[in-house]
Amino acid sequence: MTSPATKPAPAVGFAQHPTVPIPPRPVRRRRGGPDAALWPLALTMLLLLLISCAALGPLLRGSAWWWVCAAVATAVLLGAAVLRRLGVPRRVVPFANTAVLVGTLTLLFGAGTGLFWLLPTPKTVQTFSGLVDAGVASIAQQSTPAEVTIGILFLLASGTGLIAVVMDLLAITFRWPALGAVPVLVPLLAPSFVIEDGADLPALIVAAIAFLLLLRVDVYVHRAQETRHPPVGPLAPRSYRAAQPRGPGPMWGTLAVGSIAIVSALVLGAIAPALTAGGLVSPRTGGLLFGSGVSPMISLGQDLRRPKAGPAFHYTSTGTERPYFTLLTLDEVIGLNWTARTDRTDTRNTVDDIQRPFGLAANVETTQSSTAVVIDGVNSHWLPAPARATSVEGLTGRWYWDSRTRAIASVTANTFGQKYTVSALELEPTAAQLRSSSTNFPASVQENLQLPVEPPLIIEETARQVTAGTASNYDAAVAIQNYLRSSVFTYDTEAPVEDGYDGGGVDVIGVFLQTQRGYCVHFAATMAAMARTLGIPSRVSLGYLPGVKSQDQETGAVRYDVDSHDLHAWPELYFVGIGWVRFEPTPGRGTVPNYETIVDSGTSSALPGGAAATSAPGLSPDRLADDTALEGGAAAQTASGASNLSSVVGFSALGLVLLLLPAAGRRMLRRRRLRRIRSGEAGATTAWTELQHTCRDQWIPVPDTETPRAFAARLERLGTLDAATAEALERVLLAVERSRFDRAGAPAPTLAEDLTRVVRALTRCASVGIRLRAVVLPASLFTALGALLGGERRASTIAS
């Protein structure tokens, strides 16, 4: 038997050759290093983003916009995967990815201004700036579902691309896949803040499934990555264990995180409509914020339906007629919606010298008037002013007038707390001048004749029937006005909401002419649309009625008070040689100017349905002494409504993750102050500082020269504090006043609770748009940080 240690002799007859080692099989290395195999993660993120973008479907018309967003998202996410495959360093990829986004946008929206169609030039920047302005204006003016204009499409594509860049940065560069999915909440939850039904439940579920898939793919990718490129060192992070793990594995962790994400998305989608129920169109009880993202016409209706009217402004005037105050003019129909065709802000159009109204002939009699306005509750970027203003004095901030509509607006300032004087022209055209007006309209005015390709037939049919036999455009306009003011129609702010035809869109007009129930936006839009079918240029103005007479309690002088129930819409028709002329088709609201009450005997008075036209009150020469018509027309309205397309563009542009940082800092600062007050470390001064900072966050002016008592009185005049909250504010005020004389005294035991009650009341009464802005961009926090960095305030003040 051979010993195990003995080697067997070689077989007889065979030569012994030395052993030739077999060369190892060459290992095929992947290009690009460890990050080259991350393309499955990029594809999963692309799937999640496209699903989330599809959730915007209820807000927008058509589906072509989705394909554009898909193209941009694909270029960004898959472009990043290609860059990593080519071996581009990880830190460079985000910058290269941003360049890919800019190049894609230049190719799609640059209109050939880019170098080689891809590299942006100064002209490209100007083009993009114009698209942003047009998109923001269109969002602010349209109702849902909105017509996707080129401006809105650019904002959608830019927002989608920016979200894709942030997702790639967080999920792949920083290796935070769960946090990388957070930005998709912007398009996913946007419908919750706009439509009453909230976010689409199937879209939330599908997006949550895609999120689970993203987490699972991330685990798979990093397992494979670590197999090919093992981490160096015993403490290097790994995505799996070499031995059999004890307890839940990666799949269970994925399910746990995904379950939390699903529940959070469903809860947010469910509660978001509740957040919008408090009234979104007005940050104060008397204000109108057309810029909130909802159709201005729907916003106006929501304010009219408020149970309690809030103060808007008061004024005195030297004119012979009390003026209508214009905020915004809608002169273009996009899709089916009336919108404002505002030009880009021209900084040369300062309000200290406004040009004479376009098209006004010298033979039309005019009177110069001066109106002094004090804003009580309106907080808007549009300035309420009489039509045909020639100058405005006393405004703070930069304000400009629009060359097309003469609307006065500001990008950086708002109306709250403003005091200003408006010089304006009062037109006094005669009926003969209106009837003899030419139909040779200027080219810039002919744009106000456009209607959708296929408007409801009932609009033109009714217009032709009502104006049969009229001899001029003026007579036709008066006939339409008399028809709408007749007993056939009923003024009703509730029926349009209950029956689903609220707003002034062209499709809504067809329904309104059948139901014959609505309020001012329906009457104004209907008359404007009917006029366009007859070849008469028209537009719709939104603003305020002249209000009611009152007396100044301090001086005893006569003044006029305007509140939120005086919000109104009216049509304006263009007459060559005269310009834009106001009409009043809404029954029971406003007054018919004197030129409208003069109807030629040849004008047909027959109305569809056999109804007789109701006589409308005219304006007497001394209209300032007669308030009966307007006081009766400003009857109380009922109910409330809310719907808001708020901050979608802002969230998409800045990114949800970055916006949460200021919110967290502001919240921590408030909690610290309250904790110090409760413990006795701080007193009334700290409480007053927190109250002022809360007001700054909600864009309530806090002048440095105003005393605490005057500031508290101004807060009470806003009308947002109930009796208990007003008493709490008074206790905080007394504590502050006492602390200035007795610094060693102990603070009131209820100081923290009183401060909390006042802060919550101010927050609760603000609109959702203001609340979101206060949370995301707290002005007080940035002001305090700026002062701290600039050395303008003591460190102890910041610490309080």
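Residues numbered from 1 in each chain as written. Predicted model: local features only at pLDDT ≥ 70, side-chain atom pairs only at ≥ 80, totals over all residues. Heavy atoms only, no water.

S.K.: Looking at this structure, how should I read the confidence of the model for the protein?
M.R.: Predicted coordinates in areas of low pLDDT are best not read in detail. The predicted model of the protein has a mean per-residue pLDDT of 74, with 70% of residues at 70 or higher. Predicted confidence is poor over residues 268-294, with pLDDT under 50, and the contacts of this stretch with residues over four places away or in other chains come to 112 contacts. (pLDDT = per-residue confidence, 0-100. Contact = heavy atoms within 4.5 Å.)

S.K.: Got a minute to help me understand the sheet that holds strand β14 (residues 548-551) in this structure?
M.R.: Strand pairing in a sheet takes place through backbone hydrogen bonds and is either antiparallel or parallel in direction. Strand order in the open sheet formed by six strands is β7-β10-β5-β1-β15-β14, with antiparallel pairing between adjacent strands. Edge positions in the sheet fall to β7 (389-393) and β14, since each of these pairs with one other strand and no more. For this sheet the average axis-to-axis angle between neighbouring strands, irrespective of direction, equals 30°. (Pairing = 2+ DSSP bridges. Helix = DSSP H or I, 4+ residues; strand = E, 2+ residues; numbered from the N terminus. Axes fitted to C-alpha atoms, helices over the stretch in contact; angles between N-to-C directions.)

S.K.: Looking at this model, I keep getting lost on the sheet that holds strand β17 (residues 579-582). Mind explaining?
M.R.: Pairing in this open sheet of five strands is antiparallel, and the strands run β6-β2-β13-β16-β17 from one edge to the other. Looking along the sheet, the strands with just one partner apiece sit at the ends: β6 (385-386) and β17. Lying over the sheet, helix α17 (residues 520-533) contacts β13 (538-544) and β16 (567-575), oriented at roughly 15° with respect to β16.

S.K.: In this structure, what is going on with the pairing of β13? I would like to understand it.
M.R.: Each regular strand displays side chains that alternate between the two surfaces of the sheet. Burial runs high along β13: seven of the seven residues are buried. The pairing of strand β2 (residues 325-330) with β13 spans five bridges and is classified as antiparallel. From the neighbouring strand, T326 faces β13, where its bridge partner is G543. Pairing of β13 with β16, which is carried by seven bridges, proceeds in the antiparallel orientation. The partner of S538 across the bridge, within β16, is L573. (Buried < 20%, exposed > 50% of the residue type's maximum accessible area, 1.4 Å probe, protein only.)

S.K.: Explain unusual backbone geometry to me, please; I cannot follow it from the model alone.
M.R.: In terms of backbone geometry, most residues other than glycine have negative phi values and most peptide bonds are trans. Despite not being glycine, A111 has its phi angle at roughly 55°, a positive value. Note that A111 resides in the loop between α3 (93-109) and α4 (122-141). If you check the backbone angles, R388 has positive phi at about 60° while not being a glycine. Within the secondary structure, R388 is located in the loop between β6 and β7. A residue is classified by how much of its surface remains accessible, and R388, at 22% relative accessible area, is partly exposed.

S.K.: Even after reading the chapter, I still don't get the pattern of salt bridges, so can you show me in this structure?
M.R.: Where charged atoms of side chains with opposite charge meet at close range, the side chains can pair. Applying the stated rule across the entire model yields 17 salt bridges. A salt bridge links R464 to E460; its shortest N-O distance comes to 3.4 Å. Here R464 and its partner E460 are both found in helix α13 (residues 457-466), four residues apart, which amounts to about one turn of the helix. One salt-bridge network, held together by shared partners, links R666, R670, R673, E690 and D697. (Salt bridge = Lys/Arg side-chain N within 4 Å of Asp/Glu carboxyl O.)

S.K.: Hey, could you run me through the packing of aromatic side chains in this one?
M.R.: The geometry of two aromatic rings is summed up by the distance between their centres and the angle between their planes. Following the criterion strictly, the structure yields 18 aromatic pairs and no others. Ring centres of Y483 and F489 lie 5.1 Å apart, and the angle between their planes is 85°; on these two criteria the pair is classed as edge-to-face. Each member of the pair, Y483 as well as F489, is classed as buried. With centroids separated by 5.2 Å and ring planes inclined at 70°, the aromatic side chains of Y574 and W580 adopt a geometry described as edge-to-face. Taken together, the ring pairs connect F313, Y315, F325, Y544 and Y560 into an aromatic cluster. Over the ring of W401 we find R406; its NZ or CZ atom is 5.8 Å from the centre of that ring. The ring of Y324 is capped by R582, whose NZ or CZ atom sits 3.8 Å from the centre of that ring. (Phe/Tyr/Trp six-rings, centres within 6.5 Å; stacked < 30°, edge-to-face > 60°. Lys NZ or Arg CZ within 6 Å of the ring centre and 35° of its normal.)

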